[in-house]
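Letter by letter, the chains look like this.
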Amino acid sequence: MPSNYWGSWFFNRIAIDLGTANTLIFIKGKGITLKEPSVVAIDKTTKRVLAVGDEAKRMLGRTPESIETIRPLKDGVIADFELAEFMLRHFIAKVHPWRRFFKPRIIISVPSGITQIEKRAVKESAEFAGAKYVFLLEESMAAAIGAELPVQEPIGNMIVDIGGGTTEIAVISLAGIVYSRSIRVGGNLMDEMIAHYLKKKYKFMVGEKTAEEIKIRLGSACPNGNSLEEHMVIKGLDLVHGLPKILDITEEEVREAIAEPLKAIVAAVKTALDNTPPELVGDIAERGIFLTGGGALLRRLDVLLAEATGVPVYLTKDPLATTVIGTGKVLDNILLLGKVAC
Ligand SMILES: Nc1ncnc2c1ncn2[C@@H]1O[C@H](COP(=O)(O)OP(=O)(O)OP(=O)(O)O)[C@@H](O)[C@H]1O
Ligand SMILES: [Mg+2]
């Protein structure tokens, strides 16, 4: 019997953040054991899955005609049930190979916009993957718990989670969601806007992966103020001549490209403040807005939001992992689980 056989008996509580861009898995006693893109590569003709996660993302934009890379979750909803289920099962099997003997308890954080049918589908996939019990948690609640906000107190807490597909804004008090809104604007749209900008301005084409790299390395939400702005040389395709070309782009250009999604995020946060009961707004003004999700890592986004709202804005400790950390915390707290499970 393998040495980790008995270990699996201890490590059978699992928290999963099933995100549009990334899936993260936390195992009690082990910490975060999986962090992979929510991407699946399939053979177009046979519909067979060829790769999942990291391996599938490496294929993005580099696949021959016969292979397609798909994100089973899109805009905060499940776009492809079968592939979402396959991906979830694949990830669970990867981190918990002994699930058939020691059926794990699983908590999965899901976007607040998903329907009852989708919730049931996520639950069934996890059960099919070998789970004994499956609980679901709204990702805004999970993020707020992960950010160590006092969600159970009668205090207004605002969390803004900028993910790949959506930005979710929630106000939480007394373990309940008082206000929540999800807009279909996130990191993926910023990537698309960068690609679109380069195409329009320079007749220059870049793939989804390059556009994301540009955003991560050069993207910012507002000017730096004092030091010189950066620039970067990128590789792509010259659409006029149909040949590979390099192009030097500036930080300011990237800011221009992503101006619209940023405007939408700022507007949604302002609307959320306008629609929150006055006592809770008072708490938020005092305690600040908490920014999380990978999109929160865009440079100076906190500055932009603070200037636009007049409320202090803080980034959570590890924005890409806050939701799974929060989901993991609920694994240990049965009373809290009873209050926040959805
Ligand atoms: N340093 C960075 N600067 C800007 N954006 C970043 C950075 N790092 C990651 N991102 C972006 O964060 C997004 C992914 O964030 P995250 O993993 O929180 O999304 P998700 O939880 O999978 O999505 P959702 O919550 O919408 O389901 C991607 O669009 C990615 O490009
Ligand atoms: Mg997320």
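Quantities reported herein were computed from a predicted structural model and do not represent experimental measurements.

Asks: For the overall build of the protein chain, give the residues involved together with the corresponding values.
Replies: A count of helices and strands for the protein chain gives 13 helices and 18 strands. At 21 Å, the protein chain has a C-alpha radius of gyration in line with the 20 Å of a compact globule built from 342 residues. Across the 342 residues of the protein chain, 51% fall into the buried class. Long-range contacts, defined here as pairs at least 24 residues apart, represent 62% of the contacts in the protein chain between residues at least 6 apart. Summed over all atoms, the accessible surface of the protein chain reaches about 16400 Å², with 54% contributed by carbon and sulfur.

Asks: Can you lay out the site of ligand 1 for me, pointing to particular residues and giving the numbers?
Replies: The full set close to ligand 1 counts 20 residues, and Thr20, Ala21, Asn22, Glu212 and Lys215 are the nearest of them. In isolation ligand 1 has 660 Å² of accessible area, and contact with the protein removes 92% of it. Placement of ligand 1 is best described as lying within the largest pocket. Class assignment of the residues belonging to the shell around ligand 1 gives a composition of 5 nonpolar, 12 polar and 3 charged.

Asks: Summarise the nonpolar core; cite the residues concerned and give the values.
Replies: Soluble globular proteins tend to bury their nonpolar side chains together. Counting residues in hydrophobic clusters, the biggest one holds 42 residues, and the most contacted among them are Met158, Leu198, Ile234 and Ile289. Element by element, the count of residues in this core is highest for helix H9 (residues 259–274), at 7 residues. Residue assignment places this core across two domains, with domain 2 (148–185 + 259–319) and domain 3 (187–252) each supplying three or more. Once you skip the residues sitting within four places of it in the chain, isoleucine 234 turns out to touch Leu198, Phe204, Val206, Ile214, Lys245, Ile246, Leu247 and Ile249. The next biggest cluster of nonpolar side chains, apart from the first, holds 30 residues, and it includes Ile16, Ile70, Val95 and Ala131.

Asks: I'd like a description of the sheet that holds strand E2 (residues 22–27), backed by residues and values.
Replies: Strand order in the open sheet formed by 5 strands is E3-E2-E1-E9-E10, and the pairing between neighbours is mixed. Looking at which strands have only one partner, the edges of the open sheet turn out to be strand E3 (31–37) and strand E10 (133–138). For this sheet, the mean inter-axis angle between neighbouring strands, taken without regard to orientation, is 20 degrees. In terms of strand pairing, strand E9 (residues 105–110) meets E10 through 6 bridges, oriented parallel. Paired with isoleucine 107 across the strands is phenylalanine 135, a residue of E10. Of the strands in this sheet, strand E1 (13–18), E2, E3, E9 and E10 are in contact with helix H12 (residues 322–331), which crosses E1 at around 150 degrees.

Asks: Help me get a handle on the packing of H9 against helix H11 (residues 301–309), residues and values and all.
Replies: Here H9 crosses H11 at 45 degrees, and the two axes come no closer than 10 Å. Here H11 runs oblique to H9, going by the angle between their axes. Crossing handedness for the pair H9 and H11: right-handed. Along its contact with H9, which presents Leu262, Val266, Val269, Lys270 and Leu273, the element H11 presents Leu301, Leu304, Leu305, Ala308 and Thr309.

Asks: Help me get a handle on the layout of surface pockets, residues and values and all.
Replies: In this structure, the largest pocket spans a volume of roughly 740 Å³. What lines the largest pocket is a set of 38 residues, among which Ala21, Asn22, Gly294, Gly295 and Leu320 lie closest to the centre. Where the lining of the largest pocket is concerned, the elements lending two or more residues are E1, E2, E3, strand E11 (157–162), helix H6 (187–202) and helix H7 (208–218). Sort the elements by how many residues they give to the lining of the largest pocket and H6 lands first, with 4 residues. Class assignment for the residues of the lining of the largest pocket results in 12 nonpolar, 14 polar and 12 charged.

Scoring rules and cut-offs
- Each residue is numbered by its place in its chain's sequence as written, counting from 1.
- Throughout, the order in which chains and ligands are written sets their labels, letters from A for the former and numbers from 1 for the latter.
- Where local features are concerned, this predicted model is filtered to residues with pLDDT of at least 70; where side-chain atom pairs are given and counted, the filter is 80 or more; whole-chain, interface and lining totals use all residues.
- Hydrogens and waters are ignored; side-chain quantities use all the structure's heavy atoms.
- Every helix listed is a DSSP run of H or I at least four residues long, and every strand listed is a run of E at least two residues long, numbered separately from the N terminus.
- Only the C-alpha atoms count toward the radius of gyration. The rule for a globule is 2.2 Å times the residue count to the power 0.38.
- The buried label goes to any residue with under 20% of its type's maximum accessible area, the exposed label to any with over 50%, and the partly exposed label to all in between, with areas taken from a 1.4 Å probe on protein chains only.
- Throughout, a residue-residue contact means that at least one pair of heavy atoms, one from each residue, lies within 4.5 Å.
- In this description, accessible areas are obtained by the Shrake-Rupley approach with a 1.4 Å probe, and a residue is regarded as covered only by the protein chains that are shown.
- Note on terminology: near, applied to a residue and a molecule or strand, indicates that one of the residue's heavy atoms is within 4 Å of it.
- Only protein atoms enter the calculation, which uses a 1 Å grid: trapped sets of points that fit a 1.4 Å probe without letting it out are cavities, open sets showing protein on both sides within 12 Å along at least five of seven lines are pockets, and any residue with an atom within 4 Å of a point is a lining residue.
- A pocket or cavity is taken to hold a molecule when more than half of that molecule's atoms are within 2 Å of the pocket's grid points.
- All amino acids are sorted into three groups, where Ala, Val, Leu, Ile, Met, Phe, Trp, Tyr, Cys and Pro are nonpolar, Asp, Glu, Lys and Arg are charged, and the leftover types, Gly among them, are polar.
- Take the buried Ala, Val, Leu, Ile, Met, Phe, Trp, Tyr and Cys residues and link them wherever side-chain atoms come within 4.5 Å; each set so joined is a nonpolar core.
- What fixes the domain bounds is an automatic or database domain assignment.
- For two strands to count as paired, DSSP must find a minimum of two bridges between them.
- Where helices are involved, their axes are fitted lines through C-alpha atoms of the stretch in contact, as for all axes, and angles between N-to-C directions lie from 0 to 180°.
- Working definition: roughly parallel below 35 degrees, roughly antiparallel above 145 degrees, roughly perpendicular at 65 to 115 degrees, and oblique for all remaining angles.
- Two helices crossing with the near one rotated counterclockwise from the far one by less than a right angle form a left-handed crossing, whereas a clockwise rotation gives a right-handed crossing.
- Grid points are joined across faces, edges and corners, and a volume is the space filled by probe spheres set on the points.

Any functional reading would require information beyond the geometric quantities listed.
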